[in-house]
Amino acid sequence: MVRHRSGADLRMGREVVMGDLGYFKVEQQARQRHGDLFRVAPCTEMINSYLGTFSYVDPYEKAPAVEERAAARTVVVGVDDLPAGRVAVDQAAIEAKLLGSALLIVHAGAPRHPSLLDGLVQRVRLLAPDLEVTTRVTAGMRPAEMLLSTAGENDLIVVGHRQGFARRTLRRSVAERVVAQHPGPVLVVRRAGWPLPPELEYRPLLVGMRGSAASSRAYEFAVAEAQARGCDIVVLHVVPGPVEVPEWLDWRGGVAVWNRTVAGNPVNELVDAAGRADAMVLGRSAGRGRLGSVDRAVLHHGRCPVFFVG
């Protein structure tokens with residue numbers, strides 16, 4: 001284990017150990033370790049293939065009126081008739097390709113456009129011709145119920161989350177219901193900044209560590225995910241009072257794990273750090289039926305895709 005001490009900077013009256021400079025150092029050292037400044041990580045290679053094949057519009061633009069973990073048996077993604085659904089499918093296809101899993105695209109009720117599902121399948125196969133892709137249409141079920149009944153307990157569910165949706169309704173969003181009730185991992189795709197910036201290939205996975213068994217499971221999940229993606233991990237410890245804990249670097253399964261400790265509000269710190277991460281991984285207690293306040297806030301406000309691990 002190698003320990004490194006970083007300089008702290010003052011932002012908004014509080015000490016922040018892991019600021020923009022710290023994340024820049026993670027990216028720079030990742031570049032130096034691999035020796036090739038132009039190396040592309042596996043996850044980024046998949047994303048670049050999509051960007052080279054398809055032209056993207058902002059998925060949140062108002063639509064016109066008309067250590068080792070077993071690979072998930074199946075990656076299940078729910079879609080609707082809105083353009084944002086394509087982003088969820090793209091992320092699901094990337095995960096399925098990285099994990100060597102099958103991809104199942106499901107839609108609640110008959111699509112308004114009969115060619116929707118066939119078009120999504122063709123979209124995936126242009127990128128990954130060897131990926132097993134199937135579709136399913138369910139009737140008489142709401143979207144959250146459809147996803148929960150379709151996925152096995154170890155399957156990865158991918159669900160999109162539209163900006164502002166939860167604030168416009170008194171009901172919980174589909175993503176929140178699925179995250180709270182699915183015993184396996186859930187990936188919530190809430191990224192407004194697609195296509196992704198070129199420097200994403202060196203951005204780390206972010207793990208929110210809260211000293212619980214759920215956080216330990218999230219950490220193990222993140223190690224396996226980072227191995228598949230070819231990226232580093234930043235483990236963020238948020239504590240309530242002032243601290244002077246030096247950052248330190250550990251290695252797990254060939255993955256660089258940067259440990260950072262910051263003082264502040266967990267929601268604010270996690271949401272802020274999410275803007276500099278490839279994706280975030282959070283542990284959540286299975287079987288509770290509802291999310292805790294931190295998980296719920298990150299789900300609605302996080303600025304990168306978020307894995308919730310049960």
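The structure under discussion appears in the preceding block.
**Q** Give me the overall build of the protein chain: which residues, what numbers.
**A** Along the backbone of the protein chain there are 9 helices and 14 strands. Burial analysis of the protein chain (310 residues in total) assigns 52% to the buried set. Put simply, the protein chain shows about 14,400 Å² of open surface, and 52% of that area lies on carbon and sulfur atoms.

**Q** Outline the packing of aromatic side chains, listing residues and values.
**A** One pass over the full model with this rule turns up 1 aromatic pair. Ring geometry for F221 versus F307: centroids 5.2 Å apart, planes at 55 degrees, classification tilted. With F221 in helix α7 (residues 213–229) and F307 in strand β14 (residues 306–309), this residue pair connects regions lying 86 residues apart in the sequence. When sorted by exposure, F221 lands in the same class as F307, which is buried.

**Q** I'd like a rundown of the nonpolar core, residues and numbers included.
**A** Counting 47 residues, the largest nonpolar core has V77, L103, I105, L131, V158, I233 and V281 as its most contacted members. If one sorts the elements of this core by residue count, helix α3 (residues 84–99) sits on top with 8 residues. In contact with V281, other than residues within four places in its own chain, are L206, V207, G208, A218, F221, A222, F307 and V309.

**Q** Requested: an account of the environment of D250, with residues and values cited.
**A** Along the chain, D250 turns up in strand β11 (residues 248–252). For the pair D250 and I233, spaced 17 residues apart in the sequence, the C-alpha separation amounts to 9.8 Å.

**Q** How would you sum up helix α5 (residues 143–150)? Please name residues and give values.
**A** For α5, the complete set of buried residues consists of A144, M146, L147 and T150. All buried residues of α5 lie within an arc of 160 degrees about the axis, which places them on one face of the element. Looking at the buried side of α5, the elements it contacts are β4 (74–79), β5 (102–108), β6 (133–138), β7 (156–160) and α6 (174–181).

**Q** Residue-level account of the environment of S293, with values.
**A** Within the fold, S293 resides in helix α9 (residues 293–301). When its relative accessible area of 63% is taken as the criterion, S293 is described as exposed. Through-space distance from the C-alpha of S293 to that of V267 is 8.6 Å; in sequence the pair is 26 residues apart.

**Q** Now, about the packing of helix α8 (residues 266–274) against α9: what can you tell me, with residues and values included?
**A** Running from N to C, α8 and α9 cross one another at 30 degrees; their axes reach a closest spacing of 10 Å. Of the possible angle classes, the one that applies to α8 and α9 is roughly parallel. Relative to α9, α8 is oriented so that their crossing is right-handed. Side by side, α8 and α9 meet where P266, V267, L270 and V271 of the first sit next to V294, A297, V298 and H301 of the second.

Reading the values: the criteria
- Residues numbered from 1 in each chain as written.
- Predicted model: local features only at pLDDT ≥ 70, side-chain atom pairs only at ≥ 80, totals over all residues.
- Heavy atoms only, no water.
- Helix = DSSP H or I, 4+ residues; strand = E, 2+ residues; numbered from the N terminus.
- Buried < 20%, exposed > 50% of the residue type's maximum accessible area, 1.4 Å probe, protein only.
- Areas by Shrake-Rupley, 256 points an atom, 1.4 Å probe, with all protein chains shown as cover.
- Phe/Tyr/Trp six-rings, centres within 6.5 Å; stacked < 30°, edge-to-face > 60°.
- Core = buried A, V, L, I, M, F, W, Y, C linked by side-chain atoms within 4.5 Å.
- Contact = heavy atoms within 4.5 Å.
- Arc of directions from axis to C-beta.
- Axes fitted to C-alpha atoms, helices over the stretch in contact; angles between N-to-C directions.
- Parallel < 35°, antiparallel > 145°, perpendicular 65-115°, else oblique.
- Left-handed = near helix turned anticlockwise from the far one by under 90°.

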